[in-house]
Amino acid sequence: MAIRLQRLPSASPAVALAARAIAILLALVTAGLLLAASGAQPLKLAQQVLKSTFGSGFGLEDVGLLVTPLILTGLSVAVALRIGAWNIGAEGQFYAGAFAATGVALFIPGPSIVMLPLMFIAGALGGLIWILVPTLARAYADVSELITTLLLNFVATLLVYYVATGPWLDPGGHALATTARLKHDMPEFIGIVHWGFPMAILLAVITAATFSFTRWGYEVRIAGSNPQAAKYAGMPFRRHLIVVMLLSGAIAGIAGMLEVAGTVHRLQGGISNNFGYLGIMVAVLARGSCIGVIAGAALMAVILNSGIILQTQGVNTSTVLAITGLILFFTAVGDELAHFRIVSSKPAEA
Amino acid sequence: MDLIAGILHTSLLAGGVLALAALGEVLAERVGVVNLGVEGLMALGAITGIAAVVTTRSPTAGFALALAVGFVVGMVFAAITVYLRANQVLCGLALTLMGTGFAATVGKTYSGIPAPATFTGVEIPYLSSIPLIGQVLFTQNVLVYLIYIILPVMLHVLMFRTRHGLNLRAVGENPAAADAAGIAVQRIRFWYVTAGAALAAGAGAYLTLAFVPSWSEGVVAGRGWIAVALVIFAGYRPLNAVLAALLFGVITSLGFVGQARNWPIAAPVLSMLPYLGTIAFIVVPVVAWHRMRQVMAAPAALGVPYYRDLR
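Basis of the calculations
Residues numbered from 1 in each chain as written. Chains lettered and ligands numbered in written order. Predicted model: local features only at pLDDT ≥ 70, side-chain atom pairs only at ≥ 80, totals over all residues. Heavy atoms only, no water. Helix = DSSP H or I, 4+ residues; strand = E, 2+ residues; numbered from the N terminus. Rg over C-alpha atoms; globule rule 2.2 N^0.38 Å. Buried < 20%, exposed > 50% of the residue type's maximum accessible area, 1.4 Å probe, protein only. Contact = heavy atoms within 4.5 Å. Areas by Shrake-Rupley, 256 points an atom, 1.4 Å probe, with all protein chains shown as cover. Lys, Arg positive; Asp, Glu negative; His and termini not counted. Charge placed at Lys NZ, Arg CZ, Asp CG, Glu CD. Salt bridge = Lys/Arg side-chain N within 4 Å of Asp/Glu carboxyl O. Buried area = accessible area lost by both parts, 1.4 Å probe. Polar contact = N/O pair within 3.5 Å; in protein donor to acceptor, adjacent residues only side chain to side chain. Nonpolar A, V, L, I, M, F, W, Y, C, P; charged D, E, K, R; others polar. Phe/Tyr/Trp six-rings, centres within 6.5 Å; stacked < 30°, edge-to-face > 60°.

Asks: An account of the overall build of chain A is requested, with residue identities and associated values reported.
Replies: Helix and strand counts for chain A come out as 13 helices and 4 strands. Rg of the C-alpha trace for chain A: 22 Å, near the compact-globule value of 20 Å for 350 residues, within the 12% margin. With the principal axes as the frame, chain A shows a C-alpha extent of 85 × 60 × 35 Å. Put simply, chain A has 350 residues, and 52% of those count as buried. The contacts of chain A with a sequence gap of at least 6 include a subset with a gap of at least 24, amounting to 79%. When the accessible surface of chain A is split by element, carbon and sulfur atoms take 69% of a total near 15,300 Å². Taken as two groups, the 18 positive and 13 negative side-chain charges of chain A have centres that lie 9 Å from each other.

Okay, structure coming up:
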């Protein structure tokens with residue numbers, strides 16, 4: 001009898017999930033050890049995080065505010081992954097959506113009941129337009145969408161920074177480097193959490209159902225897992241790719257609209273809080289499942305919120321970004337290891 | 001004339017950062033591994049360079065230390081993507097997040113301090129007194145010659161004129177065939193990915209030791225991603241990559257000139273130029289000339305881990 005490793009083409013769901021959990025735990029332990037090495041007391045910090053997050057309704061409301069954009073940016077990345085496209089540009093589409101929604105709110109007069117849906121549409125269109133060139137370039141010239149979507153993030157960030165400090169600067173002069181306060185607020189849902197939260201969840205559920213129960217969703221899934229087979233079966237791969245990528249951009253744009261209309265109420269540089277990049281993380285944690293995105297977003301929101309709570313302890317948003325990277329790294333390793341199983345077999349007869 | 005000389009001078013500096021990172025990425029991608037961690041490696045190199053130069057006052061030590069950090073981190077990345085065969089896109093993104101976040105966390109104490117010593121220009125006798133171009137081309141710091149001439153020519157010869165170069169390209173095109181021919185696929189991948197990562201970190205150090213020269217959060221500003229895109233634009237060839245980087249140096253320095261001379265274009269809009277330019281340069285050629293797609297095609301096995309038993 002010899003013991004050897006065998007690689008399976010696809011990991012069993014239970015093993016994959018266990019590998020995930022172990023990977024996240026190991027990543028957090030590693031982060032804790034690194035923090036300890038730099039003189040912090042990780043256990044005390046963890047205790048403080050747990051207490052301020054789950055100890056009161058306010059803590060949970062803070063998490064709720066962070067979860068909303070994370071569900072949507074995560075959903076945006078997950079949707080594109082369904083057809084095998086990497087939308088690394090949710091950050092830029094988020095900015096574009098926030099930009100478009102703010103433009104509508106600032107320059108079109110009207111009552112909130114009309115304006116909010118209009119801003120919603122503008123946000124979705126903003127995100128959609130932002131991913132249009134990468135989509136067409138991928139569909140018709142096979143240019144990697146990974147890099148084009150990412151580069152547009154920098155352009156969107158600069159665009160928002162430019163309008164917020166220049167043409168759209170608050171004429172009242174009450175605040176620096178930001179637009180005037182928008183007149184239209186997303187109404188509150190529970191506490192400080194606005195209606196964007198249930199909307200984000202609803203959107204995730206609808207998307208998941210569309211993928212699972214419609215012919216279109218089926219074709220997209222086939223196209224994503226095996227483009228050759230999809231083309232051979234006569235499915236319009238290019239059309240599906242374009243629709244899915246545009247949808248992905250629109251969802252990220254909606255996230256930007258909700259953030260500006262529900263949480264920040266002004267357009268300013270840095271409004272995205274890295275939500276777009278964290279969305280990649282959420283989608284990966286969810287293994288591309290649209291429902292799983294909600295759980296992934298919840299985990300990321302708690303981690304992001306920890307960074308905010310611990311800001312006074314020398315932990316900051318950059319540290320959170322580094323820890324996020326660590327989790328992603330361990331997850332990628334865990335995912336691969338989940339493919340292996342130990343088998344004992346007789347050595348082959350000579 | 002001074003204006004053009006000034007633009008060229010800045011272009012060479014700005015392009016050098018991209019060229020070094022792009023050369024590193026060429027190494028990794030030629031053997032079939034996409035390293036999307038360039039941005040993070042550059043951030044690590046940038047902070048290492050500044051931290052070292054503040055302590056030792058020697059930019060050479062800063063650059064060398066950055067290379068070493070890139071080498072070590074690259075070995076971890078290569079071990080996990082090549083031997084463990086974890087998803088290259090995920091590991092690259094993770095490396096970018098970790099590098100950027102870690103550098104920013106550590107960098108708090110160095111933020112805004114100008115580098116106490118930098119790579120400064122060396123006047124090459126006789127050549128530097130050539131009218132017009134002499135001052136631009138032959139008063140640069142030593143690394144400029146390394147980045148623009150020595151390294152790319154060496155890599156070009158290695159890749160396209162030696163047997164080993166043929167082997168390493170085979171590893172990127174068809175690892176199974178290379179394996180059958182007795183080439184150590186995984187070992188070649190491991191070392192080239194590692195070397196590429198070292199160059200990316202070196203590019204970061206070059207940024208903070210010669211170009212900017214100081215550390216601030218976000219100083220890398222997407223240059224790592226531009227470098228990854230340049231590799232595609234350059235058709236995975238070292239000489240092309242350096243020329244493409246220089247072209248981007250020109251675009252970047254035009255933005256600086258515009259700001260310095262108060263052109264009626266807002267600074268943030270000028271800052272968009274390199275990003276928009278990059279997108280245009282990787283999209284337009286393949287749309288305009290269909291044949292470009294074959295000539296400049298990526299290595300066939302790019303991004304695909306190699307399993308011997310799945311042949």
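Asks: Tell me about the pattern of salt bridges, and name the residues and values.
Replies: All names here are of chain A. Inspection of the entire model under this criterion finds 10 salt bridges over all chains. One salt bridge connects Asp185 with Arg181, and the closest N-O pair in it is separated by 3.1 Å. Look at Asp185 and you get partly exposed, because its relative accessible area is 29%. Three or more residues joined by partner-sharing salt bridges are found here, namely Arg20, Arg287 and Asp335.

Asks: Which residues make up the interface of chain B and chain A, and what are the values?
Replies: Contacts between the two partners involve 41 residues from chain B and, on the opposite side, 35 residues from chain A. For the chain B and chain A pair, buried surface summed over both sides reaches about 3,500 Å², with 86% attributable to carbon and sulfur atoms. Our count for the contact surface shared by chain B and chain A stands at 0 salt bridges. The tally of links from chain B across to chain A stands at 4 residue pairs in polar contact (both at pLDDT 80 or more). Secondary-structure elements contributing two or more residues to the side of chain B that touches chain A are helix H3 (59-83), helix H4 (88-107), helix H10 (223-233) and helix H12 (267-288) of chain B. When residues of the side of chain B that touches chain A are assigned to their parent elements, the largest contribution, 12 residues, is made by H12(B). By residue class, the composition of the side of chain B that touches chain A is 32 nonpolar, 5 polar and 4 charged.

Asks: I'd like a description of the side chain of B:Asp179, backed by residues and values.
Replies: Residue and element names in this part refer to chain B. One can find Asp179 in helix H8 (residues 175-180). Asp179 sits in the buried class, given a relative accessible area of 11%. One polar contact links Asp179 to Tyr306, side chain to side chain, over a distance of 2.7 Å. A polar contact is formed between the side chain of Asp179 and the side chain of Arg308, at a distance of 2.8 Å.

Asks: Outline the packing of aromatic side chains, supporting the account with residue identities and numerical values.
Replies: All names here are of chain A. Per the stated rule, a full pass over the model turns up 13 aromatic pairs over all chains. On the numbers, 4.8 Å between centres and 65° between planes, the contact of Phe189 with Trp195 is edge-to-face. When its relative accessible area of 39% is taken as the criterion, Trp195 is described as partly exposed. Seen from their ring centres, Phe189 and Phe197 are 6.4 Å apart, and the 50° between their planes marks the pair as tilted. Since its relative accessible area comes to 34%, Phe189 is described here as partly exposed. Residue Phe197 is classed as partly exposed on the basis of its relative accessible area, which comes to 23%.

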